[in-house]
Amino acid sequence: MKLAQLIAQTGEHEATIQVLCHLLEAERTNVFLIKDISESVAKEAIKIIDQYKKGTPLAYLLGSTYFYNRKFIVTPAVLVPRHDTEVLVELAEKKIIADSLLGSENPTYQILDLCCGSGIIGISLAYLCDWLHHNNRELRYEITAVDYSPEALAVAAQNASLHHADINLVYSDLLEDVHGKFDLLVCNPPYVRTADIGVEDKWVLKEPHMALDGGIDGLYFYRRILATAKKHLTTHGMIMFEIGYDQAAAVEQIALEHGYSMVKVYKDLANRNRVVTIRV
Ligand SMILES: C[S@@+](CC[C@H](N)C(=O)[O-])C[C@H]1O[C@@H](n2cnc3c(N)ncnc32)[C@H](O)[C@@H]1O
């Protein structure tokens with residue numbers, strides 16, 4: 001069967017390409033060069049895409065997805081990584097690089113990935129930290145990743161092992177069982193308003209509720225974290241939150257109420273507010 005025929009049959013262009021990459025263990029560009037897709041592969045692809053069309057995220061069906069150009073294990077215990085979160089990783093990388101010139105009051109630069117889920121943020125940052133350390137042995141980094149779901153932490157552990165990332169995994173209700181001061185606290189908390197969950201997107205209904213539900217106004221986790229985070233930050237420490245596109249003003253207000261000094265808002269590729277950075 002030709003690729004065009006298979007796409008016509010599934011009615012799903014992008015999903016078909018992704019499924020074929022997975023089944024044939026092929027690079028995306030090579031999928032377009034395949035002259036003939038075998039009957040058994042086409043049958044399997046159609047079966048997977050049928051389940052996808054019924055509302056199961058493709059990442060769960062394939063067991064993995066790509067984030068920041070790297071492959072991560074994904075199960076129904078974790079949120080499917082979103083490309084929007086790459087904005088947060090890019091900003092975190094810039095801060096880590098800038099701080100590598102300034103130094104830290106900690107002997108080892110401390111990074112906290114709070115609400116880590118599959119571990120994509122902390123593990124992506126581990127690549128940069130390893131590279132910086134490799135180039136200057138005096139620079140040392142420690143990454144701690146926290147979640148309140150043991151199942152999510154198990155997936156994060158698998159991903160850390162897959163990527164040879166040396167990360168401390170901690171089971172904690174937000175910062176309750178977290179100790180020490182951090183130079184950088186990155187966090188993509190649950191921030192969807194309870195009533196909005198699954199309204200725009202049926203696939204979201206298969207994701208863990210606790211990875212999405214930010215309470216009535218979506219701000220529950222920002223309030224809780226900002227109420228206690230200050231004592232976990234170094235003098236030049238920074239919090240970086242992913243936010244919903246319409247939450248910047250509210251999160252800034254909460255930060256100011258808790259006495260934080262500087263809040264900056266950054267946009268995603270669709271020009272929507274996506275990240276806020278907050279300083280002590
Ligand atoms: C939006 S997901 C983010 C996952 C991952 N960081 C990402 O960007 O794909 C939020 C995560 O927060 C975790 N979580 C929910 N309540 C929590 C709590 N009280 N303490 C710590 N983590 C929590 C969920 O289990 C979920 O993994």
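Because the structure is predicted, anything quoted here is derived from the model rather than measured.

Cut-offs and rules
- Residues numbered from 1 in each chain as written.
- Predicted model: local features only at pLDDT ≥ 70, side-chain atom pairs only at ≥ 80, totals over all residues.
- Heavy atoms only, no water.
- Near = heavy atom within 4 Å.
- Polar contact = N/O pair within 3.5 Å; in protein donor to acceptor, adjacent residues only side chain to side chain.
- Areas by Shrake-Rupley, 256 points an atom, 1.4 Å probe, with all protein chains shown as cover.
- Nonpolar A, V, L, I, M, F, W, Y, C, P; charged D, E, K, R; others polar.
- Core = buried A, V, L, I, M, F, W, Y, C linked by side-chain atoms within 4.5 Å.
- Buried < 20%, exposed > 50% of the residue type's maximum accessible area, 1.4 Å probe, protein only.
- Helix = DSSP H or I, 4+ residues; strand = E, 2+ residues; numbered from the N terminus.
- Contact = heavy atoms within 4.5 Å.
- Disulfide = S-S within 2.5 Å.
- Arc of directions from axis to C-beta.
- Axes fitted to C-alpha atoms, helices over the stretch in contact; angles between N-to-C directions.
- Parallel < 35°, antiparallel > 145°, perpendicular 65-115°, else oblique.
- Left-handed = near helix turned anticlockwise from the far one by under 90°.
- Patch = residues over 30% accessible without salt bridge, like charges linked within 9 Å, V, L, I, M, F, W, Y side chains within 5 Å.
- Salt bridge = Lys/Arg side-chain N within 4 Å of Asp/Glu carboxyl O.
- Pairing = 2+ DSSP bridges.

Draft legend 1. The site of the ligand, seen in detail. Not every one of the 19 residues close to the ligand is listed here, only the nearest: Cys115, Asp147, Asp173, Leu174 and Asn188. Note that a nitrogen atom of the ligand is positioned 2.9 Å from one of the backbone N or O atoms of Cys115. A distance of 3.2 Å separates a nitrogen atom of the ligand from a polar backbone atom of Cys116. Burial of the ligand by the surrounding chains reaches 96%, relative to a free accessible area of 590 Å². Per-class residue counts for the shell around the ligand are 12 nonpolar, 5 polar and 2 charged.

Draft legend 2. A look at the nonpolar core. By size, the foremost hydrophobic cluster in this structure holds 34 residues, and its most contacted members are Ile96, Ile111, Leu125, Leu184 and Met240. If you list the elements that add at least two residues to this core, you get α6 (85-102), β3 (109-114), α7 (120-135), β4 (141-147), α8 (150-162), β6 (182-187) and β7 (233-242). With 8 residues, the single largest contributor to this core is α7. The contact partners of Leu125, leaving out residues within four places of it in the chain, are Val89, Ala92, Glu93, Ile96, Ile111, Ile143 and Val186. Counting residues in each nonpolar core, the second largest holds 29 residues, with Phe182, Leu185, Tyr222 and Ile239 among its members.

Draft legend 3. Quick peek at the state of the cysteines. The full count for this structure, using the stated rule, is 0 disulfides. Between Cys129, a free cysteine, and Cys116, which holds the nearest cysteine sulfur, the sulfur-to-sulfur gap is 16 Å. There is no disulfide at Cys187, and the cysteine sulfur nearest it, in Cys115, is 4.0 Å away.

Draft legend 4. Representation of helix α10 (residues 248-257) in the model. All buried positions along α10 are accounted for by Ala248, Val251, Ile254 and Ala255. All buried residues of α10 lie within an arc of 130° about the axis, which places them on one face of the element. The exposed set on the far side of α10, more than 90 degrees from its buried face, consists of Ala249 and Glu257. Positive phi appears at Gly259, one or two residues downstream of α10, with a value of about 85°.

Draft legend 5. Representation of the packing of helix α1 (residues 3-10) against helix α2 (residues 13-24) in the model. Between α1 and α2, the shortest axis-to-axis distance is 9 Å and the interhelical angle comes to 125°. Here α2 runs oblique to α1, going by the angle between their axes. α1 and α2 meet at a crossing whose hand is right-handed. Every residue of α2 that contacts α1 at Leu3, Leu6, Ile7 and Thr10 is listed here: His13, Thr16, Ile17 and Leu20. In terms of residue class, the contact of α1 with α2 is built from 5 nonpolar, 3 polar and no charged.

Draft legend 6. Region of interest: a nonpolar patch on the surface. On the surface, a cluster of nonpolar side chains totalling about 320 Å² of accessible area is made up of Tyr148, Tyr171 and Met210. In this fold, Tyr171 is placed in strand β5 (residues 167-171). The exposure class of Tyr171 is partly exposed, given its relative accessible area of 44%.

Draft legend 7. Spotlight on the sheet that holds β5. Taken together, the 7 strands give an open sheet; going across it, the order is β5-β4-β3-β6-β7-β9-β8, and neighbouring strands pair in mixed fashion. Either end of the sheet is taken by a strand with one partner, and the two such strands are β5 and β8 (262-267). For this sheet the average axis-to-axis angle between neighbouring strands, irrespective of direction, equals 20°. The sheet strands contacting α7 are β3, β4, β5 and β6, and the helix crosses β4 at an angle near 175°.

Draft legend 8. Representation of the pattern of salt bridges within the structure. Tallied over the entire structure, the rule returns 13 salt bridges. Measuring nitrogen to oxygen at the nearest pair gives 3.1 Å for the salt bridge that ties Asp173 to Arg224. With Asp173 in the loop between β5 and β6 and Arg224 in helix α9 (residues 220-228), the pair connects residues that are 51 residues apart, well separated along the chain. When the shortest N-O distance is used, the salt bridge between Arg224 and Glu176 registers 3.7 Å. Placement of Arg224 in helix α9 and of Glu176 in the loop between β5 and β6 is noted, with a sequence separation of 48 residues between them. Relative accessible area serves as the criterion here: at 24%, Arg224 is assigned to the partly exposed category. Linked through salt bridges whose partners overlap, the residues forming this network are Asp84, Asp268, Arg272 and Arg274.

Draft legend 9. Inspection of the pairing of strand β2 (residues 70-73) at higher detail. As paired elements, strand β1 (residues 64-67) and β2 share 4 bridges and run antiparallel to each other. Looking at β2, one finds that Thr65 is bridged to Phe72. Between the end of β1 and the start of β2, which pair antiparallel, lie 2 residues, with Tyr68 showing a positive phi angle near 55°.

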